[in-house]
Amino acid sequence: MAAVKNSIPRRQFDVVVVGAGGAGMRCSLQLAQAGLSVAVLSKVFPTRSHTVAAQGGVSASLGNMSEDSWYWHMYDTVKGSDWLGDQDAIEFMCREAPNAVYELEHFGMPFDRNPDGTIYQRPFGGHTANFGEKPVQRACAAADRTGHAMLHTLYQRNVAARTQFFVEWMALDLLRNDAGDVLGVTALEMETGEIYVLEAKQTVLATGGAGRIWAASTNAFINTGDGLGMAARAGFPLQDMEFWQFHPTGVAGAGVLITEGVRGEGGILLNKDGERFMERYAPTLKDLAPRDFVSRSMDQEIKEGRGCGDGSYVVLKLDHLGAETIQKRLPSIREIAIKFANVDPIKDPIPVVPTIHYQMGGIPTNIYGQVVSVANGQTTTVNGLYAIGECAATSVHGANRLGTNSLLDLIVFGRSAGNHIVESHPERQHAHQSIPESAIDFSLDRVNKLETRTDGEKTSDVGNAIRVAMQHHCGVFRTLDLLNKGVDAIESLAPQVDSLYFKDKSKVFNTARIEALEVTNMIEVARATTKSAANRTESRGAHALNDHPDRDDVNWLRHTMWFSEGSRLDYKPVQMKPLTVESFPPKSRTF
Ligand SMILES: Cc1cc2nc3c(=O)[nH]c(=O)nc-3n(C[C@H](O)[C@H](O)[C@H](O)COP(=O)(O)OP(=O)(O)OC[C@H]3O[C@@H](n4cnc5c(N)ncnc54)[C@H](O)[C@@H]3O)c2cc1C
């Protein structure tokens, strides 16, 4: 039913956090503990957010099992990012990591333990000692369910701190005044179909990734890029959207993730000849090279006819680890392999293919999580808006994220944004600013058009068309021709998104309405991705262009900033200067 403008219910909070994953809940905890009134919105019950699916670990240079330092962690992250990561943010994250992890330990997170009682740490892709010399054990793990342990710990702490959860509420649009300040959101209560205005002195986007714009994805179905859509519609840029990570080991045909922790524990990739091919591509780190590197190597093996079975996948062998290690350290992986690949990894190898997994780009922020924009070469911070977690580009991951650096990013920047809100906004005691009716109308009109349309495009058809186009045009290896065709394919779907239609107009738990609203966000992410990718004429990290196989530091050591209106692009220099140490200058990336 169409929402009635005059009677729209309103609620007021100091802070509205959109998203109850690791990032949102680490931030809300900081806020609630400081006595602020905090509303946390989530499309699903908080502990069902995608963070729960994280398997392998969270990185921190604790040095429990091999000598380590935050400085080596920083070097690995800069190199892993192919020098597109901002070195001030990377230094901040790597320095904060041990404290952030000890804090979780003290919150009660059930990490695996070493015999001496310290946190268990496993090797992971691109994690090295002494600037690339050899693998290091840096990934703090709770078996292969680290995200599950983290998310449940944070949820319980939030309940104790009296955070107010709005479960099965979908945020729709950011509300801005004429000065451009953000004053809250509109949101749909799924149970009733009612739309609310949630007024906030600060709004935090923590909506996670958008991996569901691809057909084959390791991501949860709810990962549709809503925060990115909201930011784009409100006129804010999306940064570095050309960089998407393919995880090397998705189960072939199913997409479900097999953690890199399997290779951390000693698992190896084999081609049809039984050859451990990573020894050829990365002689030092082998199977533990960063993900962009391993995914490209696998793709190459498959293209050159050395794929297994029907030739479309390679296999991950782990039987040599022994039944005991597999059952203790990788119990969920065994379950996934049995259920989704019909193999028991204690005896047989798992068929795997590179599968879309993670967005390195997102809503641009500084190290306090404040959203930044760019105009005429000048960077400005947006009043009242923060972004954290996978939906944000802080940018610590640059062109390629290292495994276990995302869970770390959530807790470091979730906390830092929370602290920044508490410390730098004493004016929060003041009244809420008034929200222009036009901002509310924009959002209600968008929904009302959907509600009242009596004919048009089916949501599932348009959603599928986006996913198929992304899968076809934006793969592990790209060409300019294919990317430009991808831009056209996605732009040609935009009018269809503007005429989405669903038959069932009932209010209560109407999933057709929710899916249609999600597709309006997916299209923005797909437009940003194809356009940004078609304009970056170099290969860097996860953006591998056949026409331009080399990295071009002269022209491309800069971040892409995409604006929805007119699909306009702007650029921003990479922050090469760390906070306190010397910069790591770009060099060639071998492993
Ligand atoms: C299978 C898998 C395994 C992974 N393993 C690891 C690992 O071992 N280590 C690692 O570092 N990283 C890992 N990652 C990456 C990491 O888990 C994610 O990047 C991270 O958990 C994202 O957290 P987040 O808090 O940003 O968002 P999420 O956990 O995705 O949460 C997003 C939240 O936003 C809410 N939301 C979204 N849109 C709306 C809306 N419109 N209105 C209201 N609420 C909304 C959702 O309901 C949800 O609560 C893995 C990812 C996957 C998919």
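Residues numbered from 1 in each chain as written. Predicted model: local features only at pLDDT ≥ 70, side-chain atom pairs only at ≥ 80, totals over all residues. Heavy atoms only, no water.

With respect to the UniProt feature "binding site: substrate" (unreviewed entry) in the protein
Okay, so step 1: The feature "binding site: substrate" (unreviewed entry), as annotated in UniProt, sits at His247, Thr259, His357 and Arg401 in this numbering. Maximum C-alpha separation among the annotated residues is 14.4 Å over a sequence range of 155 residues, consistent with a single clustered spot.
Okay, so step 2: Leave out the neighbours within four places in its chain, and His247 touches Leu257, Ile258, Thr259, Glu260, Arg263, Arg291, Ser295, Val353, Pro354, Thr355 and His357.
Okay, so step 3: Polar side-chain contacts of His247 include one of 3.0 Å to the backbone nitrogen of Thr249.
Okay, so step 4: Position of His357 among the secondary structure elements: in strand β14 (residues 350-359).
Okay, so step 5: For His357, a relative accessible area of 11% gives the class buried. (UniProt positions renumbered as here; feature names shortened; annotations may be inferred. Contact = heavy atoms within 4.5 Å. Polar contact = N/O pair within 3.5 Å; in protein donor to acceptor, adjacent residues only side chain to side chain. Helix = DSSP H or I, 4+ residues; strand = E, 2+ residues; numbered from the N terminus. Buried < 20%, exposed > 50% of the residue type's maximum accessible area, 1.4 Å probe, protein only.)

Observations regarding the pattern of salt bridges
Okay, so step 1: Per the stated rule, a full pass over the model turns up 41 salt bridges.
Okay, so step 2: The partner of Arg10 in a salt bridge is Glu437, with the nearest N and O atoms 3.4 Å apart. Highlighted residues: Arg10 in strand β1 (residues 10-18) and Glu437 in helix α12 (residues 437-452), separated in sequence by 427 residues.
Okay, so step 3: We classify Arg10 as partly exposed; its relative accessible area is 37%. (Salt bridge = Lys/Arg side-chain N within 4 Å of Asp/Glu carboxyl O.)

Notes on the packing of aromatic side chains
Okay, so step 1: Within this structure, the stated rule accounts for 16 aromatic pairs.
Okay, so step 2: Centre to centre, the rings of Tyr155 and Phe165 are 5.2 Å apart; their planes meet at 55 degrees, and the pair counts as tilted. With a gap of ten residues between them, Tyr155 in helix α4 (residues 146-160) and Phe165 in strand β6 (residues 164-167) connect regions that are remote in the sequence.
Okay, so step 3: Phe165 sits in the partly exposed class, given a relative accessible area of 21%.
Okay, so step 4: Here the aromatic rings of Phe166 and Trp169 are separated by 4.9 Å at their centres, their planes lie at 85 degrees, and the arrangement is edge-to-face. Each member of the pair, Phe166 as well as Trp169, is classed as buried. (Phe/Tyr/Trp six-rings, centres within 6.5 Å; stacked < 30°, edge-to-face > 60°.)

Thoughts on the domain arrangement of the protein
Okay, so step 1: By domain assignment, the protein separates into domain 1 (247-354) and domain 2 (437-554).
Okay, so step 2: Using only C-alpha atoms to locate each centre, domain 1 and domain 2 end up separated by 31 Å.
Okay, so step 3: Counting from both sides, the interface comprises seven residues of domain 1 and, opposite them, five residues of domain 2.
Okay, so step 4: With both sides pooled, the region where domain 1 packs onto domain 2 buries about 450 Å², and carbon together with sulfur makes up 69% of that total.
Okay, so step 5: Contact with domain 2 buries area across many residues of domain 1, yet Asp292, Arg296 and Asp299 alone supply 70% of it, more than any other trio.
Okay, so step 6: For the interface between domain 1 and domain 2, the tally reads zero salt bridges.
Okay, so step 7: Looking at the side of domain 1 that touches domain 2 element by element, the count peaks at six residues for helix α8 (residues 291-303).
Okay, so step 8: In the side of domain 1 that touches domain 2, the residues fall into one nonpolar, two polar and four charged. (Domains from an automatic or database assignment. Buried area = accessible area lost by both parts, 1.4 Å probe. Nonpolar A, V, L, I, M, F, W, Y, C, P; charged D, E, K, R; others polar.)

Re helix α11 (residues 405-424)
Okay, so step 1: Compared with the 28 Å implied by 1.5 Å per residue over 20 residues, the 27 Å span of α11 between its first and last C-alpha is a close match.
Okay, so step 2: Of all 20 residues in α11, 15 are buried; the element is thus mostly enclosed. (Expected span 1.5 Å × (residues − 1).)

What about the site of the ligand?
Okay, so step 1: In the neighbourhood of the ligand, 38 residues make up the surrounding shell, with Ser49, His50, Thr51, Glu390 and Leu407 lying closest.
Okay, so step 2: Asp226 has a polar side-chain atom sitting 2.8 Å from a nitrogen atom of the ligand.
Okay, so step 3: Here Glu390 contributes a side-chain N or O atom positioned 2.5 Å from an oxygen atom of the ligand.
Okay, so step 4: For the ligand, the accessible surface in isolation is 1,000 Å², of which the surrounding protein chains cover 98%.
Okay, so step 5: Elements with a minimum of two residues in the shell around the ligand: α1 (22-33), β2 (38-42), β7 (169-176), β14 and α11.
Okay, so step 6: When residues in the shell around the ligand are grouped by element, the largest group, four residues, is from α11.
Okay, so step 7: Of the residues contributing to the shell around the ligand, the split by class is 15 nonpolar, 19 polar and four charged. (Near = heavy atom within 4 Å. Areas by Shrake-Rupley, 256 points an atom, 1.4 Å probe, with all protein chains shown as cover.)

A few points about the pairing of β7
Okay, so step 1: In terms of burial, β7 is a largely internal element, seven of the eight residues being buried.
Okay, so step 2: Judged from the seven bridges that link them, β7 and strand β8 (residues 182-189) form a sheet pairing that is antiparallel. Pairing of Arg176 across the sheet is with Val182, part of β8.
Okay, so step 3: Connecting β7 to the next strand, β8, in antiparallel fashion are five residues, including Gly180 with a positive phi near 95 degrees. (Pairing = 2+ DSSP bridges.)

Concerning the sheet that holds strand β10 (residues 238-239)
Okay, so step 1: Sheet architecture is open: three strands sit in the order β10-β23-β24, paired in antiparallel fashion. Since the sheet does not close on itself, it has two edges, and those belong to β10 and β24 (568-573), each with one partner.
Okay, so step 2: The pairing of strand β23 (residues 558-563) with β24 spans six bridges and is antiparallel. Counterpart to Phe563 in the pairing with β24 is Arg568.

A few points about the packing of α1 against α11
Okay, so step 1: Across the interface, α1 lies against α11 with an axial gap of 7 Å and an inter-helix angle of 35 degrees. Of the two elements, α1 crosses α11, and the hand of that crossing is right-handed. Contact residues: α1 offers Gly22, Ala23, Arg26, Cys27, Gln30 and Leu31, while α11 offers Leu410, Ile411, Gly414, Arg415, Ala417, Gly418, Asn419, Ile421 and Val422.
Okay, so step 2: Split into classes, the residues belonging to the contact of α1 with α11 amount to eight nonpolar, five polar and two charged. (Axes fitted to C-alpha atoms, helices over the stretch in contact; angles between N-to-C directions. Left-handed = near helix turned anticlockwise from the far one by under 90°.)

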